[in-house]
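Coordinate inspection notes
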Amino acid sequence: MATVILGIESSCDDTAAAVLVDGKLRANVVAQQLEHQTHGGVIPELASRAHVQRIIPVVEAALSKANIEKKDLTAVAYTQGPGLLGSLLVGNAFAKSLALALDIPLLAVHHMQAHLLVHFIDDEFPTPKFPFLGLTVSGGHTQLVRVNDASSFNVLGETKDDAAGEAFDKTGKMLGLPYPAGPVMDKYAAQGIPKFTFGKPTVAGLDFSFSGLKTSVLYFLREQQDKDPDFISNNLYDLCASIQQAIVHILMEKVTKALSETGLNQLVLGGGVSANSGLREALKQLDTNVFLPPLPYTTDNAAMIAITGHLQLQLGKMDTLSSEPKARMSI
Ligand code: KG4
Ligand code: ZN
């Protein structure tokens, strides 16, 4: 009998469902909530309401695309956390109800673990072997982790303030870019020269800090705008290239250190910022095996939840119907 997993992701502003059959992806549906763009960030109350409206159509679309009926499902995997509580609750309630109605196992998945384990989807893209070094870079997280197996993760370092994605989004906002600014900054950076330099953080060990960069950009822009009120529009591409380079440098410094300290020879990337072309280029120069997720799997998706559920099921790591969503959750 085939192992058929339905994955559900609702941790932030994307409602997503995916179907995995014996580790192979059969459907991956994401409904993006564009209503947040005009607010400069995700509005939690709007996000949870939109999840309520979209979760049933999204799951139905994934099942029909995969040509799978509910009775064929082996288990249902959902994002337990971390994320926005109201958003997580929608996925949690839906997954529990479905597991109860179909009398199948419930698999509670950690969103950031899933960003790293997406590489285990059985298809054309290369799969790492345990153990490996993981770098999670998203809108809410920046961590270096040693991944021992699909259920054992040791944090080696993490951000002390903003996440890498937040650094893109917040500095992008200062430049007048729409939310989320990361993808736009990436596009503009490709047309600019990184000619401006900003203060570098001094954080011990394998931890990161991005708030100093944010402040440095803010003061720099104020100073320049006093002299030229159109400084941002006159230098937009170069500013984007410079900020992106500064963020990439901060990440690369700690990645290099972690690889040399741990002796691990595989680096696995996960999270929205792993789509960044500057970061992807810099990582390709490393003398180690680098696993970059294909672009559609960099941002939030349910395929990553389904594969993590699949691996957890193999390890016998099932949850019960008293499973609760968790806004904060260590990896
Ligand atoms: O993993 P993700 O989709 O959601 C979270 O779990 O946070 O990551 C979203 C973050 C946002 O901060 C967004 O600006 C950033 O990923 N991002 C990028 C790029 N694409 C998405 N940052 C830089 N360059 C990109 N190409
Ligand atoms: Zn994410």
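Residues numbered from 1 in each chain as written. Chains lettered and ligands numbered in written order. Predicted model: local features only at pLDDT ≥ 70, side-chain atom pairs only at ≥ 80, totals over all residues. Heavy atoms only, no water.

1. Brief notes about the site of ligand 1
As a reminder of what qualifies: Summary of the distance rule: residues count as near a molecule or strand when at least one heavy atom falls within 4 Å of that molecule or strand. Counting of polar contacts relies on pairs of N or O atoms within 3.5 Å, with two restrictions inside protein: one atom must be capable of donating a hydrogen and the other of accepting it, and residues adjacent in sequence are counted only when both atoms are side-chain atoms. Note on conventions: DSSP H or I runs of at least 4 residues are helices, E runs of at least 2 residues are strands, and numbering of each starts at the N terminus. Amino acids are sorted into nonpolar (Ala, Val, Leu, Ile, Met, Phe, Trp, Tyr, Cys and Pro), charged (Asp, Glu, Lys and Arg) and polar (every other residue, Gly among them). For the purposes of this description, domain bounds are those given by an automatic or database domain assignment.
Taken together, 19 residues lie near ligand 1, and G139, D169, D186, G272 and N276 sit nearest. Residue G139 places a main-chain N or O atom 2.8 Å away from an oxygen atom belonging to ligand 1. Between an oxygen atom of ligand 1 and a main-chain N or O atom of G165, the distance comes to 3.3 Å. Of all the secondary structure elements, the ones that give two or more residues to the shell around ligand 1 are α3 (111–117), α4 (164–174) and α5 (181–189). Here the shell around ligand 1 is composed, by residue class, of five nonpolar, 11 polar and three charged. Taken together, domain 1 (4–123 + 298–314) and domain 2 (132–293) each give at least three residues to the shell around ligand 1, which thus spans both.

2. Quick look at the layout of surface pockets
The line we're drawing: Think of a 1 Å grid over the protein atoms and nothing else: a 1.4 Å probe that fits but is trapped marks a cavity, an open set flanked by protein within 12 Å on at least five of seven lines marks a pocket, and residues with an atom within 4 Å of a point count as lining. Grid points are joined across faces, edges and corners, and a volume is the space filled by probe spheres set on the points.
For the second largest pocket, the calculated volume is near 210 Å³. In terms of lining, the second largest pocket is formed by 13 residues, of which the most central are F198, K200, Q245, A246 and H249. Among the elements that make up the lining of the second largest pocket, the one with the highest residue count is helix α7 (residues 231–262) (six residues). For the lining of the second largest pocket, the residue count by class is six nonpolar, five polar and two charged.

3. Description of the coordination of the zinc ion (ligand 2)
The condition is simple: The donor set covers N, O and S atoms within 2.8 Å of the metal, switching to 3.2 Å for Na, K and Ca, and it leaves out water, so a site may look short of donors. Relative accessibility under 20% of the residue-type maximum defines a buried residue, over 50% an exposed one, and the middle range a partly exposed one, all with a 1.4 Å probe and only protein chains included.
The protein atoms that coordinate the zinc ion (ligand 2) are H111 (NE2), H115 (NE2) and D300 (OD), at distances spanning 2.1 Å. Read from N- to C-terminus, the donor residues coordinating the zinc ion (ligand 2) fall into the pattern H-x3-H-x184-D. A residue pair is termed a helical-turn pair when its members lie 3 or 4 positions apart in one helix, as H111 and H115 do in helix α3 at four residues. What makes H111 buried here is its relative accessible area of 5%.

4. Focus: the domain arrangement of the protein chain
How big an interface is tends to be reported as the loss of accessible area on association of its parts. Convention followed: Two residues form a contact once any of their heavy atoms are found within 4.5 Å. When two components associate, each loses some accessible surface as probed by a 1.4 Å sphere; the sum of these losses over both components is called the buried area. By salt bridge we mean one thing: a side-chain nitrogen of Lys or Arg within 4 Å of a carboxyl oxygen of Asp or Glu.
Looking at the assigned domains, one finds that the protein chain contains domain 1 (4–123 + 298–314) and domain 2 (132–293). One C-alpha centre belongs to domain 1, the other to domain 2, and the line joining them spans 27 Å. Taken together, the 16 residues of domain 1 in the interface contact 23 residues of domain 2. Interface area for domain 1 against domain 2, summed over the two sides, is near 1600 Å², with a carbon-plus-sulfur share of 76%. At the boundary of domain 1 with domain 2, the tally comes to zero salt bridges. Remark: the boundary between domain 1 and domain 2 carries three residue pairs in polar contact (both at pLDDT 80 or more). Per-element accounting of the side of domain 1 that touches domain 2 gives the leading share, five residues, to α3.

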